[in-house]
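Next come the chains, spelled out residue by residue.
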Amino acid sequence: QVQLVESGGGLVQAGGSLRLSCAASGRLFGLFVVGWFRQAPGKEREFVAGISWSGSSTDYADSVKGRFTISEDNAKNTVYLQMNNLKPEDTAVYYCALARFRNTVVRSSYDYWGQGTQVTVSS
């Protein structure tokens, strides 16, 4: 089994930046991808960005393209989400998730989820 722990959330003014981290532990053998999702109050959870563990492929939601960058450090078993030019509409709880048996990014069918980290962007 896999455990995922997010960190790096906080309060930032519009136009500012944050970097989220997702630290993975447990049985990480085989093919898998890691994705970031977010859920704002009254909204459904939505896909934000994803990356294959090898870093060979990435995917971004249209709303964050050009502003967010996902990356991974295999040696540290960690995935990062660099968020620049943050907007109030980015306010949400951000979750890290892992999908097994994948070598390209998917936007659904994730098997493990972290507890989330709050990102609040003030105007």
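Our subject is the structure that appears above.
Source: prediction; values computed, not measured.

A. Molecular detail of the sheet that holds strand β3 (residues 18-26). Pairing within the open sheet is antiparallel, and its 4 strands lie in the order β1-β3-β8-β7. Unpaired on one side and paired on the other, β1 (2-7) and β7 (68-73) mark the two borders of the sheet. Each strand of the sheet is rotated relative to its neighbour by a mean of 15 degrees, with strand direction disregarded. Bridge count for β1 against β3 is 6 bridges, and the pairing is antiparallel.

B. Looking closely at the pairing of β7. Bridge analysis of β7 against strand β8 (residues 78-83) gives 6 bridges, and the strand direction is antiparallel. Following the sheet pairing, T69 is matched in β8 by Q82. Counting the residues in the hairpin turn of β7 and β8 gives 4 residues, including N77, whose phi is positive at 50 degrees.

C. Seen up close, the pairing of strand β9 (residues 92-100). Within β9, 7 of the 9 residues are buried, which leaves the element mostly enclosed by the surrounding structure. The pairing of strand β4 (residues 32-39) with β9 spans 8 bridges and is antiparallel. Bridge pairing in β9 links Q39 to V93. Sheet topology places β9 next to strand β11 (residues 117-122); 3 bridges connect them, and they run antiparallel. What sits directly across from V93, in β11, is Q118. In terms of strand pairing, β9 meets strand β10 (residues 112-113) through 2 bridges, oriented antiparallel. When the bridges of β10 are listed, L98 appears paired with Y112.

What counts as what
- Residues numbered from 1 in each chain as written.
- Predicted model: local features only at pLDDT ≥ 70, side-chain atom pairs only at ≥ 80, totals over all residues.
- Heavy atoms only, no water.
- Pairing = 2+ DSSP bridges.
- Helix = DSSP H or I, 4+ residues; strand = E, 2+ residues; numbered from the N terminus.
- Axes fitted to C-alpha atoms, helices over the stretch in contact; angles between N-to-C directions.
- Buried < 20%, exposed > 50% of the residue type's maximum accessible area, 1.4 Å probe, protein only.

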